[in-house]
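Listed below, chain by chain, are the residues.
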Amino acid sequence: MSKYKRKIEPLAPNDPRAKNMRAAIYSRKSTETEGRSRSRDEQNEFCERYAKLFGFTDVTIYMEEEGQKGDWWWEDRQMSYNGPHRPELTKLINDISSGAIQAVLVYKNDRLARDSGIADALHKIFRTHCVHYICNGIDASIDTARGLYAASVESAASRQWRDNISEEIRRDHDYKFQLRKFTRNPACFGFRSAGRGTGRAIPQYKELALVRRIYRMFLGIGTPALGPYQIGNVLSKEGISVTSGCKGHKTKGLERVQGTSIKQILENSMYAGLWVHNGERAFYDLLLVEPEDGVGEKTTAIPETWYYQAQAKFEQSAPTGRKAATSTRMLSGLVVCGACGRVCHPNTKNVKNGLKIHRWICPYRYGATKCCFGNSYSTLVTNELDSWAIDHLIPFLARELNLINSEGQGLDLANKKKELEHQVAAAKNKEIEALKTALGVIDKDQFEILAQSLLDDRKDLERKLMDVNSQLGNHNHAFFKPEDLLSNDPKLIKEALKRFIKWIALTDKGITVLTSLGTYFGAEFKEVDMTRFRGINNRRSVLPPSLTSTANCLSWISNHNAFLAGRRDALGSKAKHKTDQDLLPGAQLEEKHAA
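Residues numbered from 1 in each chain as written. Predicted model: local features only at pLDDT ≥ 70, side-chain atom pairs only at ≥ 80, totals over all residues. Heavy atoms only, no water.

Novice: How would you summarise the packing of aromatic side chains if you had to cite specific residues and measurements?
Specialist: On inspection of all chains with the given rule, the structure shows 14 aromatic pairs. A centroid spacing of 5.2 Å and a plane angle of 85° characterise the contact between Phe46 and Tyr107, whose relative ring orientation is edge-to-face. Here Tyr107 lies in the loop between β3 (103-106) and α3 (109-112) and Phe46 lies in helix α1 (residues 40-54), a separation of 61 residues in the sequence. The burial state of Phe46 is the same as that of Tyr107; both residues are buried. Judged by centre distance (4.8 Å) and plane angle (55°), the rings of Phe182 and Trp275 are tilted. On the criterion of sequence distance, the pair formed by Phe182 in the loop between α5 (145-178) and β6 (191-193) and Trp275 in strand β8 (residues 274-277) is long-range, its members being 93 residues apart. Here the two residues Phe182 and Trp275 agree in accessibility, since each one is buried. Members of the aromatic cluster, joined through ring pairs, are Phe177, Phe182, Trp275 and Tyr284. Positioned above the aromatic ring of Trp275, the side-chain terminus of Arg184 is 4.1 Å from the ring centre. (Phe/Tyr/Trp six-rings, centres within 6.5 Å; stacked < 30°, edge-to-face > 60°. Helix = DSSP H or I, 4+ residues; strand = E, 2+ residues; numbered from the N terminus. Buried < 20%, exposed > 50% of the residue type's maximum accessible area, 1.4 Å probe, protein only. Lys NZ or Arg CZ within 6 Å of the ring centre and 35° of its normal.)

Here it is in C-alpha cells:
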C-alpha cells in the first residue's frame with residue numbers, strides 16, 4: 001500500500017482545479033554569465049505565462065539571490081542537510097509542508113535541482129503533500145513511476161552536463177598553461193587585459209611604478225622597512241589608491257588603503273613574470289613589460305629578487321600562535337608542546353616571597369580551548385631554556401648570523417636558490433605528466449611543439465639555478481667567531497635561531513629539536529634535588545645534547561598523529577602544501593581506516 005495520501009491527477013491547460021490552488025514559481029541563477037540558462041526575470045515571465053495558461057490565479061514568486069548554486073540544500077528542522085542552504089528554497093519547502101502551496105512551476109529542472117539525490121528528496125516532499133510539479137510548462141506527474149523516473153534522470157543528466165563542462169574547462173586551462181597562455185583574466189593592479197581572445201596583458205605604467213615603490217618600502221630599499229599596514233597608512237595620507245577597477249572587483253573604503261591590499265600586491269607573482277595555475281608557477285613572456293619610452297628590452301615589472309625577498313620576509317615574520325607571536329623572548333614562536341604540537345607561551349607565576357618566575361606552558365591545556373592532554377612540564381622556566389639555546393647552538397647560529405649580516409646579496413641568493421630548486425622539480429614533474437596526458441590526444445606536430453616548450457622552460461630554470469649556484473660559490477662571507485656571537489643584537493640572534501630551528505618540543509623526558517636541515521638533536525632533563533628546592537629556581541635543568549638523547553628524542557613525542565595535527569593547526573595555511581614528513585620527519589603514524 002502506498003505511503004502517499006492519494007494519487008495526483010496531472011493538470012492540463014485551463015484546468016478548473018487550478019483556480020482553487022496556490023502556485024509557486026521558483027527561479028535561480030548562479031552567476032550573470034552562467035551558460036545557457038535564462039535570467040531570473042526571464043524565468044519568472046516564462047513561468048507566469050504557463051501559470052496563466054493552466055488557470056492559476058494565486059501565484060507567489062520565490063526568487064533566489066544571484067549566486068545560489070544548484071547543489072545547495074534547504075534548511076529543515078531536523079538539520080538533515082549540511083549548509084549552506086538556499087533561503088528561498090527553504091521558504092518554499094516550509095510553505096509546502098504547511099499546506100500553503102499546491103503547485104510548483106520552474107523554467108527547467110536544473111533550476112530546482114542539479115543532482116539526483118537532491119531531486120529525489122524534493123520529489124518525496126512534493127508527493128507527500130500532493131504538490132504538482134510543472135517543469136518547462138508540463139506537469140511532470142512525479143506521483144507515477146514513469147514521471148518520477150523521467151524527472152530523476154533529467155536531474156542526473158543536468159549534473160553530468162555541468163560536470164562535463166567543468167572537466168573540459170579544466171583540461172583547456174591545463175593545456176593553455178602548458179603552452180604558456182593565460183588561463184584566466186590577467187587584469188590586476190598594474191595590468192589590464194587586452195580583451196577576450198587576445199591573450200595579452202596591457203601594463204599600466206603609473207600603477208607599476210607604485211608597485212615598485214611598495215616593494216622598496218617593504219624591503220627597506222633606500223628607506224626604512226615598513227609593514228603592509230604601515231605602507232597602507234603612508235599611501236592613505238598621500239591620497240593614493242591601489243584599487244585596480246577590474247571586472248567584479250568590489251572596493252570598500254576608497255579613502256583608505258587597506259593593509260590586506262598591500263599584502264596582495266606583495267604576494268602577486270605576476271610582477272616577477274610568474275603565472276600561477278593550480279598551485280604551480282611558470283615564467284611567462286606575456287608578463288614582461290616594455291620600457292615606457294620604448295627603448296630597451298622587455299623586463300619583469302619588478303626584479304625577481306625583490307619578489308623572493310618579500311616572500312621570505314612574509315614567511316619569517318608570519319605569526320606562530322597566540323601570545324608567542326608578539327612575545328619579545330628569544331625562543332618565542334619556536335617552543336612547542338611535545339604533546340599537541342601547538343606553540344607554547346611564557347606564563348608568569350607569583351611565588352610566596354614576592355618574586356616572579358616565567359615558565360613555558362601550553363595554552364591549550366586550560367580553559368575553553370582545551371584540546372591538549374599531555375603531562376605537566378610547566379616547571380621549566382624560560383631563562384633556563386634561553387641559556388641552554390645560546391650555550392649549545394653557537395656553532396650553528398654563527399653561520400646564520402653571517403648570512404644575515406653579510407654584505408652583498410648572500411641571503412637573497414640563498415632564498416632565490418631555494419625557490420629555483422622548487423621550480424625545477426615542479427617543472428620536471430609537470431613535463432612528465434603533461435606529455436602523458438597529451439599522448440594520443442593531440443597530433444604529432446602539436447605534441448612536438450608542447451614537448452619542446454616544456455623542455456625549454458625547464459632548461460631555462462636549470463640555467464638560472466646554475467647561475468645562482470655560481471654566484472653563491474663566489475660570494476665570500478666573513479664568518480663571525482662563535483665567541484663573538486653574544487655581542488650581536490639580540491634581535492639578530494633571535495632571527496638566526498628562527499632560521500636554524502623549526503621548533504623545540506618540550507616533552508616529559510627532555511627537549512626535542514628539529515633543525516631546518518630536517519635533522520634532530522635532543523637533550524634530557526635533569527631533576528633538581530627537591531630538598532633544596534625553594535620555588536624560585538627551576539625544578540628541572542636541561543643537560544647538554546648527547547648522541548643517546550639525539551637517537552631517542554623523536555620517540556619522546558608519544559603521539560605523532562596528535563603532534564602533527566597540532567602543528568598543522570598552528571601553522572595554518574603555511575602547512576597546506578607540506579607533507580607529514582616535512583613537519584615531522586621520521587614520524588611513525590597510525591593509519592586511519594574508513595569505517
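More follows now that the structure is in view.
Novice: So what's going on with the packing of helix α7 (residues 228-237) against helix α8 (residues 259-267)? Which residues, and what values?
Specialist: At a closest axis distance of 7 Å, the pairing of α7 and α8 adopts a crossing angle of 115°. It follows from the interaxial angle that α7 and α8 lie roughly perpendicular. Note on packing geometry: the crossing formed by α7 with α8 is right-handed. When α7 is examined against α8, the residues Pro228, Tyr229, Ile231, Gly232 and Leu235 are found in contact with a partner set consisting of Gly259, Thr260, Ile262, Lys263 and Leu266. (Axes fitted to C-alpha atoms, helices over the stretch in contact; angles between N-to-C directions. Parallel < 35°, antiparallel > 145°, perpendicular 65-115°, else oblique. Left-handed = near helix turned anticlockwise from the far one by under 90°. Contact = heavy atoms within 4.5 Å.)

Novice: Talk me through the side chain of Ser141; I want residue IDs and the actual numbers.
Specialist: With respect to the helices, strands and loops of the structure, Ser141 is situated in the loop between β5 (138-139) and α5. Residue Ser141 is classed as buried on the basis of its relative accessible area, which comes to 17%. In contact with Ser141, other than residues within four places in its own chain, are Pro10, Gly147 and Leu148.

Novice: Tell me about the sheet that holds strand β4 (residues 132-135), and name the residues and values.
Specialist: Across the sheet, which stays open at both edges, the 5 strands sit in the order β2-β1-β3-β4-β5 with mixed pairing between neighbours. What marks the edges here is a single partner per strand, and that holds for β2 (58-63) and β5. Note: β3 against β4, 4 bridges, orientation parallel. Its bridge partner lying in β4, Ala103 is registered against His132. Strand contacts of helix α2 (residues 87-97): β1 (22-27), β2 and β3, with the helix running at about 145° to β2, the strand carrying the most contacts. (Pairing = 2+ DSSP bridges.)

Novice: Lay out the nonpolar core in plain terms, naming residues and giving numbers.
Specialist: If you look at the biggest cluster of nonpolar residues, it comprises 37 residues, and the most contacted ones within it are Phe191, Ile214, Tyr215, Leu235, Val242, Ile262 and Tyr271. If you tally residues by element for this core, the top one is helix α6 (residues 205-219), at 8 residues. In this structure, Phe191 is in contact with Pro186, Ala201, Ile202, Pro203, Gln204, Glu207, Leu208, Met270, Tyr271, Leu287 and Val289, ignoring residues within four places of it in sequence. In this structure, Cys337, Ile511, Phe521 and Phe525 belong to the second largest nonpolar core, which totals 27 residues. (Core = buried A, V, L, I, M, F, W, Y, C linked by side-chain atoms within 4.5 Å.)

Novice: With reference to specific residues and values, describe a positive patch on the surface.
Specialist: A cluster of like positive charges, contributed by Lys418, Lys498, Lys502, Lys574 and Lys578, occupies part of the molecular surface. Locating Lys502 in the fold gives a position in strand β13 (residues 501-506). (Patch = residues over 30% accessible without salt bridge, like charges linked within 9 Å, V, L, I, M, F, W, Y side chains within 5 Å. Areas by Shrake-Rupley, 256 points an atom, 1.4 Å probe, with all protein chains shown as cover. Salt bridge = Lys/Arg side-chain N within 4 Å of Asp/Glu carboxyl O. Lys, Arg positive; Asp, Glu negative; His and termini not counted. Charge placed at Lys NZ, Arg CZ, Asp CG, Glu CD.)

Novice: Account for the environment of Lys29, naming residues and giving values.
Specialist: Among the secondary structure elements, Lys29 is positioned in the loop between β1 and α1. On the basis of relative accessible area, Lys29 is assigned to the buried category, the value being 5%. A sequence separation of 34 residues divides Lys29 from Met63, and the C-alpha atoms of the two residues are 9.1 Å apart.

Novice: Account for a negative patch on the surface, with residues named and values stated.
Specialist: Taken together, the side chains of Asp41, Glu42, Glu45 and Glu48 make up a negatively charged region of the molecular surface. One can find Glu48 in helix α1.

Novice: Lay out the packing of helix α4 (residues 116-128) against α5 in plain terms, naming residues and giving numbers.
Specialist: In contact at an axis separation of 8 Å, α4 and α5 are set at 150° when each is read in the N-to-C sense. It follows that α4 is roughly antiparallel to α5 by the angle criterion. For α4 against α5, the interelement crossing comes out right-handed. Here Ser116, Ala119, His123 and Arg127 of α4 come into contact with α5, specifically with Leu148, Ala151, Ser152, Ser155 and Ala156. Of the residues in the contact of α4 with α5, the class split is 4 nonpolar, 4 polar and 1 charged. (Nonpolar A, V, L, I, M, F, W, Y, C, P; charged D, E, K, R; others polar.)

Novice: Got a sec to walk through the environment of Asn469? Specific residues and values, please.
Specialist: With respect to the helices and strands, Asn469 occurs in helix α13 (residues 444-474). Distance from Asn469 to Lys417, taken between C-alpha atoms, is 7.2 Å for residues 52 residues apart in sequence.

Novice: Break down the side chain of Ser27 for me, citing the residues and quoting the values.
Specialist: Looking at where Ser27 falls in the secondary structure, it is placed in strand β1. Note on Ser27: relative accessible area 0%, which makes it buried. With residues up to four places along the chain from it excluded, the contact list for Ser27 reads Arg40, Gln43, Asn44, Tyr62, Met63 and Glu64.

Novice: Please set out α2 residue by residue, giving values where relevant.
Specialist: Considered for burial, the residues of α2 that qualify are Glu88, Leu89, Thr90, Leu92, Ile93 and Ile96. Those residues of α2 that are buried lie in contact with β1, β2, β3, α3 and α4. Note on α2: the residue one or two positions beyond its end, Gly99, has a positive phi of about 85°.

Novice: Break down the environment of Asp76 for me, with residues and values.
Specialist: Of note, Asp76 is situated in the loop between β2 and α2. The class of Asp76 is buried, set by a relative accessible area of 16%. The spatial distance from the C-alpha of Asp76 to the C-alpha of Ile93 is 8.4 Å, given a sequence separation of 17 residues.

Novice: Describe in detail unusual backbone geometry, supporting the description with residues and values.
Specialist: With the exception of glycine, the majority of residues adopt a negative phi angle, and the majority of peptide bonds are in the trans configuration. At Cys130, a position not held by glycine, the phi torsion is positive, near 55°. Mapped onto the secondary structure, Cys130 falls in the loop between α4 and β4. Located in the positive-phi region is Ser141, a residue other than glycine, with phi close to 50°.

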